[in-house]
Amino acid sequence: MDTDAAIAAEHRVRRDYAAIRPLRGTGQGITVLHIGPHASALAWGGAGEPDGTLVLALGDAAIASACFGGRLASALAMEHAIQFVEDAVFPAHRHLPAGSELFSADAGVRTLAATAGLQGTGAVRLDLESLERVFGRLAAVAQGSPAAREGIAAEPRFAALVVILREFLHHAGFSAIVATGVR
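All of these numbers come straight from a predicted model, not from anything done at the bench. (Residues numbered from 1 in each chain as written. Predicted model: local features only at pLDDT ≥ 70, side-chain atom pairs only at ≥ 80, totals over all residues. Heavy atoms only, no water.)

For the rest of this paragraph, the subject is the overall build of the protein chain. Summing up its helical and strand segments, the protein chain has 7 helices and 6 strands in all. Mapped in sequence order, the helices and strands of the protein chain form the string α-β-β-β-α-α-β-α-β-α-α-α-β. Dimensions of the protein chain, computed from C-alpha atoms along their principal axes, come out at roughly 50 × 35 × 25 Å. In the protein chain, which comprises 183 residues, the proportion classed as buried is 49%. Across the protein chain, every contact between residues at least 6 apart in sequence was considered, and the portion connecting residues at least 24 apart equals 66%. (Helix = DSSP H or I, 4+ residues; strand = E, 2+ residues; numbered from the N terminus. Buried < 20%, exposed > 50% of the residue type's maximum accessible area, 1.4 Å probe, protein only. Contact = heavy atoms within 4.5 Å.)

The tally for this structure, following the rule as stated, stands at 8 salt bridges. Here Arg14 makes a salt bridge to Glu10, at a shortest N to O gap of 3.3 Å. Residue Arg14 and its partner Glu10 are both found in helix α1 (residues 3–20); the two are separated by 4 residues, about one turn of the helix. Relative accessible area serves as the criterion here: at 37%, Arg14 is assigned to the partly exposed category. On the accessibility criterion, Glu10 (25% relative accessible area) is partly exposed. (Salt bridge = Lys/Arg side-chain N within 4 Å of Asp/Glu carboxyl O.)

All right, on to helix α7 (residues 156–172) then. Relative to the 24 Å expected for 17 residues at 1.5 Å per residue, α7 spans 24 Å between its end C-alpha atoms, a close match to the ideal helical length. Within α7, 14 of the 17 residues are buried, leaving the element largely enclosed by the surrounding structure. Of the residues one or two after α7, Gly173 is the one with positive phi, at around 80°. (Expected span 1.5 Å × (residues − 1).)

Take the packing of helix α3 (residues 75–89) against helix α5 (residues 128–142) next. For the pair α3 and α5, the least separation of the axes is 8 Å and the interaxial angle reads 135°. On the basis of their axis angle, the class for α3 and α5 is oblique. Note on element contacts: α5 touches α3 through Phe135, Leu138 and Ala142, opposite Ala75, Met78 and Ile82. Residue classes in the contact of α3 with α5 are distributed as 6 nonpolar, no polar and no charged. (Axes fitted to C-alpha atoms, helices over the stretch in contact; angles between N-to-C directions. Parallel < 35°, antiparallel > 145°, perpendicular 65-115°, else oblique. Nonpolar A, V, L, I, M, F, W, Y, C, P; charged D, E, K, R; others polar.)

Written as structure tokens, this is what we have:
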């Protein structure tokens, strides 16, 4: 993993945690996810400072390049990306506290929520079922359906973001992510 990317991802998730934490009640556990271009990071806790952080060796630009070759995903490339992300994400669940709520201040997560039909000016809750529908539309594009017909951004990084978030929710045991308006 690129050290600069890891440092940047951890710095960003700590900043996001500090901005999101006051929006929740005291003692309510939160987990904040930041998906960066070359590294992603998590911060969790129930107080002003995170109880822990973890940097993951995956990012939307890195997945887009490594798995999709800079093009919109094919079915085989999607399978490769899923396996790659599962390998990176699965060990993370051991570090995360049970019962916390998942948040992200990433613009990409908000865009993904809008693609799922969820919009608003404040926090938007993207549940796993809605994310699965977006993934299904992305899978249709991978099978040859035009991206415009599916209402999907024809961008490899968007496809990578969908895969990363989907696999993270599945393997870390979250049923939703709250896309905040906090920046």
